[in-house]
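A structural walkthrough
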Amino acid sequence: GEREIKMSRRAMLPLLMLSLNAASTATTMGLRRLGREMTFVASLPKRLHPTGRGRGATSCNVRAMSVSGPVYQGPPGSPEVTLYTKAECTLCDKVKEVLKTVQQEAPHSLVQVDITDVEHQDWWNRYKYDIPVLHVNEAFWIKHRLAYEEAVEGLTEAKGGAFKPRPGQPDASRLERS
């Protein structure tokens, strides 16, 4: 039968390793990835098949947990920073640390958008090679890294209404052939 399990990408690794170990007993096996969802399918011999009938396909869908959503809320009227990210992005974690550090000096809200979510396919097409990407009040701000001084400067501009989108907004879809 088919089962669906939701788990983090980090938690998927042991499951996939176990699956690959079981491959030696499986007649055929496969792993299919679509967006953030993976399906492991194995055709097992009769002695190992859960139904006892053998040679039937047994599959399990594994879906990674989304990291989309609000991280923290600033005071009313403060700038909103959007972090385009995905699970287990270490550069994204560093950017979040910088933003949290400047929260007292430059209050703001922080929202994450997981570019691997099915509903964020457009962001995936643009930013898949460049995360973290930050927007302030829906305007492109910066990509890859953020220094303390850059954060204070950008958020202060946004609070005063003087923030202008920065040049260099990535768009991977322009680089790829159809």
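A few points on the structure. Fair warning: this is a prediction, and the values are worked out from it, not measured in the lab. (Residues numbered from 1 in each chain as written. Predicted model: local features only at pLDDT ≥ 70, side-chain atom pairs only at ≥ 80, totals over all residues. Heavy atoms only, no water.)

1. Section: the side chain of Lys128
Take Lys128: it is sitting in the loop between α3 (121–127) and β8 (133–136). A polar atom in the side chain of Lys128 sits 3.0 Å from the side chain of Glu176. Once you skip the residues sitting within four places of it in the chain, Lys128 turns out to touch Ile115, Trp123, Ala172 and Glu176. (Helix = DSSP H or I, 4+ residues; strand = E, 2+ residues; numbered from the N terminus. Polar contact = N/O pair within 3.5 Å; in protein donor to acceptor, adjacent residues only side chain to side chain. Contact = heavy atoms within 4.5 Å.)

2. Structural notes on the pairing of strand β6 (residues 80–85)
Two faces make up the sheet, and in a regular strand the side chains alternate between them. In terms of burial, β6 is a largely internal element, five of the six residues being buried. In terms of strand pairing, β6 meets strand β7 (residues 109–114) through six bridges, oriented parallel. Residue Val81 lies in a different strand from β7, and its bridge partner there is Leu110. In this view, the connection linking β6 to its parallel neighbour β7 by way of helix α2 (residues 90–102) has right-handed handedness. Pairing of β6 with β8, which is carried by four bridges, proceeds in the antiparallel orientation. (Buried < 20%, exposed > 50% of the residue type's maximum accessible area, 1.4 Å probe, protein only. Pairing = 2+ DSSP bridges. Right-handed = clockwise from strand over helix to strand, strands pointing away.)

3. Re the environment of Ile142
The residue Ile142 is located in strand β9 (residues 139–143) in this model. Exposure remark for Ile142: the relative accessible area of 15% places this residue in the buried category. For the pair Ile142 and Pro167, spaced 25 residues apart in sequence, the C-alpha to C-alpha distance is 8.7 Å. Not counting residues within four places of it along the chain, the set of residues in contact with Ile142 comprises Pro132, Val133, Leu134 and Glu150.

4. Quick notes on the pattern of salt bridges
Under the counting rule described, the total for this entry stands at four salt bridges. Measuring nitrogen to oxygen at the nearest pair gives 3.9 Å for the salt bridge that ties Asp93 to Lys96. Here Asp93 pairs with Lys96, and both are found in helix α2, just three residues apart, close to one helical turn. Assessed through its relative accessible area of 36%, Asp93 is described here as partly exposed. Close ionic contact of Lys128 with Glu176 constitutes a salt bridge, the shortest N to O distance being 3.0 Å. Of this pair, Lys128 sits in the loop between α3 and β8 while Glu176 is found in the segment after α4 (148–159), placing the two residues 48 residues apart along the sequence. A relative accessible area of 18% means that Lys128 is categorised as buried. (Salt bridge = Lys/Arg side-chain N within 4 Å of Asp/Glu carboxyl O.)

5. Examining α4
For α4, which comprises 12 residues, the first-to-last C-alpha distance of 16 Å matches the rise-based estimate of 16 Å (1.5 Å per residue) to within 8%. By the burial criterion, the buried members of α4 are Ala151, Val152, Gly154, Leu155 and Ala158. Of the surrounding elements, those touching the buried residues of α4 are β6, α2, β8 and β9. (Expected span 1.5 Å × (residues − 1).)

6. Description of the packing of α2 against α4
Following both chains from N to C, one finds α2 and α4 inclined at 60 degrees, their axes separated by 9 Å at the closest point. Compared by their axis directions, α2 and α4 come out oblique. The hand of the α2/α4 crossing is right-handed. Of α4, the residues touching α2 (which contributes Val98, Leu99, Thr101 and Val102) are Tyr148, Ala151, Val152 and Leu155. (Axes fitted to C-alpha atoms, helices over the stretch in contact; angles between N-to-C directions. Parallel < 35°, antiparallel > 145°, perpendicular 65-115°, else oblique. Left-handed = near helix turned anticlockwise from the far one by under 90°.)

Limitation: the analysis is restricted to geometry and does not speak to function.
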